[in-house]
Amino acid sequence: TINFLVAAESPFSDPIPQWALPSIMNLNELGIVTGYTEGERAGQYGSADPVARSQIVTLLGRVLEYANLIGPQTGRDCYADVYPGHFAYNWTTLFANQGWSDPGDFFSPDEDAPRGVVASFVARSVGPTLMSALGINPDALMGEQLFDDVPLGSLHFGDTAITDRKSTRLNSSH
């Protein structure tokens with residue numbers, strides 16, 4: 001069976017790859033992705049842009065909230081570089097208070113999030129729920145080399161193992 005997608009108009013002012021448009025529009029309608037909301041890029045999605053640490057925790061926080069796995073977030077200031085009013089303030093506060101982000105004075109919200117950092121955020125926030133639902137024991141994943149660029153001694157090895165595509169289908173080696 002061949003499924004044809006009806007072309008829909010993007011809510012964003014910049015071009016979105018056709019293969020990604022249905023998913024991005026669906027996530028936008030659910031309030032999970034909003035694109036840029038401030039500054040000269042307001043109204044754009046930025047599909048070719050690298051993803052910042054603040055964007056990852058915002059995306060994951062919104063997914064958890066949409067799935068009713070967390071409630072509205074409030075809390076104390078956790079990071080000196082994420083101030084009240086920053087788009088990711090509540091989400092970085094959630095991640096800090098839950099132990100899902102590394103402790104410290106700075107979060108570095110505008111830094112790009114390499115794959116190991118993304119795997120850490122996913123594994124610490126969403127991973128336990130998914131692994132439980134899939135009946136996966138996280139201890140059984142430790143000790144096997146999964147990706148050439150994430151050695152066994154790496155800071156991100158455990159988190160990358162938990163989000164490995166073989167176990168949860170969340171990560172890929174690309």
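First things first, this report covers the structure right here in the doc. Small disclaimer: the values here were computed from a predicted structure and weren't measured. (Residues numbered from 1 in each chain as written. Predicted model: local features only at pLDDT ≥ 70, side-chain atom pairs only at ≥ 80, totals over all residues. Heavy atoms only, no water.)

Relative to the assigned elements, Ala 80 resides in the loop between helix H2 (53–66) and helix H3 (89–98). Accessibility expressed as a relative area gives 63% for Ala 80, which makes it exposed. A sequence separation of 27 residues divides Ala 80 from Phe 107, and the C-alpha atoms of the two residues are 7.9 Å apart. With residues near it in sequence (within four places) discarded, Ala 80 still touches Asp 105 and Phe 106. (Helix = DSSP H or I, 4+ residues; strand = E, 2+ residues; numbered from the N terminus. Buried < 20%, exposed > 50% of the residue type's maximum accessible area, 1.4 Å probe, protein only. Contact = heavy atoms within 4.5 Å.)

Approximately 1,300 Å³ is the volume found for the largest pocket. Val 33, Val 51, Gln 55, Ile 56 and Leu 59 are, among the 40 residues lining the largest pocket, the residues nearest its centre. Of all the secondary structure elements, the ones that give two or more residues to the lining of the largest pocket are helix H1 (21–29), H2 and helix H4 (115–125). Split by residue class, the lining of the largest pocket holds 21 nonpolar, 11 polar and 8 charged. (1 Å grid on protein atoms, 1.4 Å probe; cavity = no way out; pocket = protein on both sides within 12 Å on 5 of 7 lines; lining within 4 Å. Points joined across faces, edges and corners; volume = space filled by probe spheres on them. Nonpolar A, V, L, I, M, F, W, Y, C, P; charged D, E, K, R; others polar.)

Looking at the element boundaries, Arg 62 is found in helix H2. For the buried Arg 62, which has no salt bridge, the nearest side chain bearing the opposite charge is Glu 65, at an N-O separation of 6.4 Å. Those residues in contact with Arg 62 that lie beyond four places of it in its chain are Gly 31, Ile 32, Val 33, Thr 34 and Trp 91. (Lys, Arg positive; Asp, Glu negative; His and termini not counted. Salt bridge = Lys/Arg side-chain N within 4 Å of Asp/Glu carboxyl O.)

This part takes up the environment of Thr 34. Mapped onto the fold, Thr 34 is located in the loop between H1 and H2. Every residue in contact with Thr 34, bar those within four places of it in the chain, is listed here: Phe 12, Asn 28 and Arg 62.

The complete set of buried residues in H3 reads Tyr 89, Trp 91, Thr 92, Thr 93, Leu 94 and Phe 95. Tucked into the core, H3 has its buried residues touching H2 and H4. Backbone geometry just after H3 places Gly 99 at a positive phi near 80°.

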